[in-house]
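Read off the chains here:
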Number of protein chains: 2
Amino acid sequence: MPEPPDFSNWSCPLPLRDYPTIVMGHGGGGKLSAELIEHLFLPAFRNDALANLGDASIVPLTGTRLALSTDSFVVRPLFFPGGSIGDLAVNGTVNDLAVSGARPLYLSVGMILEEGFAIASLARIVDDMAKAARSAGVQIITGDTKVVERGHGDGCYINTSGVGLVTHAHEIGPARVQVGDIVIVSGTIGDHGTAVMSVREGLEFQTTILSDTAALNVLVEQVLQAGNAAVHVMRDPTRGGIASSLNEIATASKVGVVLEEKSLPVRAEVRAACDLLGLDPVYVANEGKVLVFVAEERAEAVFNAMRDHPLGHDSTIIGKVVEQHPGMVIARTAIGASRVIPMQIGEQLPRIC
Amino acid sequence: MPEPPDFSNWSCPLPLRDYPTIVMGHGGGGKLSAELIEHLFLPAFRNDALANLGDASIVPLTGTRLALSTDSFVVRPLFFPGGSIGDLAVNGTVNDLAVSGARPLYLSVGMILEEGFAIASLARIVDDMAKAARSAGVQIITGDTKVVERGHGDGCYINTSGVGLVTHAHEIGPARVQVGDIVIVSGTIGDHGTAVMSVREGLEFQTTILSDTAALNVLVEQVLQAGNAAVHVMRDPTRGGIASSLNEIATASKVGVVLEEKSLPVRAEVRAACDLLGLDPVYVANEGKVLVFVAEERAEAVFNAMRDHPLGHDSTIIGKVVEQHPGMVIARTAIGASRVIPMQIGEQLPRIC
């Protein structure tokens, strides 16, 4: 089997057909992930709901709108400062439903356990899932457990899928983004990825960085109440960080996004850790943050509503939507220069969620 | 880490707390699986829908009843005579919804790929999934792909979760089983597990045994139309075969089940392969069969309806529900003797689905 190419220095899109095998980057949420979806999954499974490529899919169901979302979690290590794979698995699917405008209701849990995994660790993970579900107000109503031999897993992989009801009257999605929209992020960026990487790399920082894993459904409800039809799109910027989410939205909406670099909220300890690890916080995963695109006239109301919620206390206006450079995200630096924030090819942080 | 005990000769329940680590049997659908559920998942996640332990969970949703089901697939090898992990992943979740009385509508797909997996193989699997979904009349509307490093997976693991609408007016579940109910299976047993095991073990038989993987939703609709309120419970007997499904129902229903051993439909080549492999067909997985418990007065109508469907052409009445030996499954042998068909502890066929 030929060795996969080294993607670290590539800067152009890579057509799927040139790659005979799966590489880590295919799971990174960047261009390689997008190519798998575009060239393989979409043509095979084609339908309108899938083609929207939101965090959840929304389909009609007996007069209501049902949202369905799925996510598999392979984070390494399973326990990290601020959380565990159990918290991530519940909060991640709750958040995918919430940012799609749905009220999360029910989750399923599919576990793939490796032979030899400690039952005490499994019990901790299950306990974390139960607490996270209670905290988010969702019920875990069905599950499945498979076991694979030693050397064919990594302790515990978890899939959660979730259903919710869309009660918001207005469509939420990239199609509704307009020039002039204000971009708000609900707090500091890069916390989760940096927390996981710092324990993985055995780095010690003066301050322990905690994952921000949290369920955003109540915060998102407040955003929708405050902004109503003016809320155009929301995303929870996990794999690939805010850079990937903003690029996805810019591409799908055919608009440009301009960020004010100095306004990006990054904890000092996260910035220090990112410098040490060679990471850019805009590409680092968040697990308890939401990006909101809102029409300018309601931006202040939404911003204030976000600030009123404990999980949105550090909400910050980070940029706006412009007519120029459609499909691109540009950051204006402190000295007035501009730099492109491209979609990454692969993944700088494998197995971060 | 202590070595897990050898379960092959155990015949008593094993309390979870005595086992410090996960063993293959925890994924086998037998007693060890049941203990994980009883001692770990149920106490943590407790809610009524989960406690029913059906193939899918049914919950109220804006005046309708929604069914949600999840299953992870780790079958080895990924391709086998008669199907692939792609077929299994779609049909398995479709069937879990169908036997719960729901019309399957939408599926999600979560993939965990191993670095180095051939994209050509992935494309075949995705194609199989798309064909199976079209054939079953369901849509795959959302998905997620993660990649793990070499040595932490086995090519491709797939989770599918599915939602459906329960339109059948009557409850279907073990609580409705009554003494006198007739037990029908929709065709020959043991085909899937034997097909997978024979390629895995490199055995060659004169006739190639094919997996029976198929979507049962239309067959099940015909069962419900013909039997209506007289259909008391259905199961698709996958992991652990019909023996596990019948034991689960007997335990949950607090009734006895008597099988006529000579009536069990087993292909000659499957029986020969099982003899070679040391397997009992009642414990071998099926992926396109349904067990139906129906009140005696409607049994003939249901049986005829099943026979009318191509996937039920070999439907057979295999037993009935009795007052004696509640919670137990007994087979009457050809010479008039009786043998207990116990729930297995672990799994005679690891990674069969």
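Given the structure is predicted, the values throughout are model-derived calculations rather than measurements. (Residues numbered from 1 in each chain as written. Chains lettered and ligands numbered in written order. Predicted model: local features only at pLDDT ≥ 70, side-chain atom pairs only at ≥ 80, totals over all residues. Heavy atoms only, no water.)

**Looking at the nonpolar core**
In terms of nonpolar packing, the biggest core is built from 75 residues, with Met-111, Leu-113, Leu-122, Met-129, Ile-158 and Phe-293 of chain A together with Phe-45 of chain B touching the most fellow members. Per element, the largest residue contribution to this core is nine residues, and it comes from helix α4 (residues 119-136) of chain A. Among all residues touching Met-129 of chain A, those that are not within four sequence positions of it are Gly-86, Ala-89, Val-90, Val-109, Met-111, Ile-140, Ile-158 and Thr-160 of chain A together with Phe-45 of chain B. Core analysis: the next-biggest nonpolar cluster, separate from the first, contains 74 residues, Leu-36 of chain A together with Ala-130, Ala-132 and Cys-353 of chain B among them. (Core = buried A, V, L, I, M, F, W, Y, C linked by side-chain atoms within 4.5 Å. Buried < 20%, exposed > 50% of the residue type's maximum accessible area, 1.4 Å probe, protein only. Helix = DSSP H or I, 4+ residues; strand = E, 2+ residues; numbered from the N terminus. Contact = heavy atoms within 4.5 Å.)

**Some thoughts on the environment of Gly-30 of chain B**
Structurally, Gly-30 of chain B can be placed in the segment before α1 (31-45). Setting aside residues up to four positions removed in sequence, Gly-30 of chain B forms contacts with Met-343, Gln-344, Ile-345 and Gly-346 of chain B.

**A few points about the side chain of His-309 of chain A**
Its place among the elements puts His-309 of chain A in the loop between α9 (296-308) and β12 (316-322). Setting aside its immediate chain neighbours within four residues, His-309 of chain A contacts Val-218, Leu-219 and Gln-222 of chain A.

**Here's the deal with helix α6 (residues 217-227) of chain A**
Residue and element names in this part refer to chain A. Within α6, the full set of buried residues consists of Asn-217, Leu-219, Val-220, Val-223, Leu-224, Ala-226 and Gly-227. Its buried side turned inward, α6 meets α3 (85-98), β5 (102-114), α4, β9 (231-235), β11 (291-294) and α9. One or two steps after α6, the chain reaches Asn-228, where phi turns positive at roughly 50°.

**Examining the interface of chain B and chain A**
Contacts between the two partners involve 78 residues from chain B, matched on the other side by 78 residues from chain A. With both sides pooled, the region where chain B packs onto chain A buries about 6,800 Å², and carbon together with sulfur makes up 67% of that total. The tally of links between chain B and chain A comes to eight salt bridges. With its nearest N and O atoms 3.1 Å apart, the salt bridge here joins Glu-149 of chain B to Arg-76 of chain A. Inspection of the region where chain B meets chain A yields 31 residue pairs in polar contact (both at pLDDT 80 or more). Elements that contribute at least two residues to the side of chain B that touches chain A include exactly α1, α2 (48-51), β1 (57-61), β2 (64-73), β5 (102-114), α4 (119-136), β6 (139-148) and β7 (156-166) of chain B. Taken together, the residues that form the side of chain B that touches chain A break down as 44 nonpolar, 22 polar and 12 charged. (Buried area = accessible area lost by both parts, 1.4 Å probe. Salt bridge = Lys/Arg side-chain N within 4 Å of Asp/Glu carboxyl O. Polar contact = N/O pair within 3.5 Å; in protein donor to acceptor, adjacent residues only side chain to side chain. Nonpolar A, V, L, I, M, F, W, Y, C, P; charged D, E, K, R; others polar.)

**Thoughts on the sheet that holds strand β14 (residues 338-340) of chain A**
All names here are of chain A. Strand order in the open sheet made by the seven strands is β9-β11-β8-β12-β10-β13-β14, with mixed pairing throughout. Each edge of the open sheet is held by one strand with a lone partner, namely β9 and β14. On average, each strand axis in the sheet is tilted by 25° relative to the strand beside it, whichever way the strands run. Across the face of the sheet, α6 comes into contact with β9 and β11 while running at roughly 165° to β9. (Pairing = 2+ DSSP bridges. Axes fitted to C-alpha atoms, helices over the stretch in contact; angles between N-to-C directions.)

**Re the pairing of strand β12 (residues 316-322) of chain B**
Residues and elements named next belong to chain B. Burial within β12 is extensive, with five of its seven residues counted as buried. With four bridges joining them, strand β8 (residues 182-185) and β12 adopt antiparallel strand pairing. From the neighbouring strand, Val-185 faces β12, where its bridge partner is Thr-316. Both strand β10 (residues 256-260) and β12 contribute to a ladder of four bridges, which runs antiparallel. Paired with Leu-259 across the bridge in β12 is Gly-319.

Worth remembering: the numbers are spatial, not functional.
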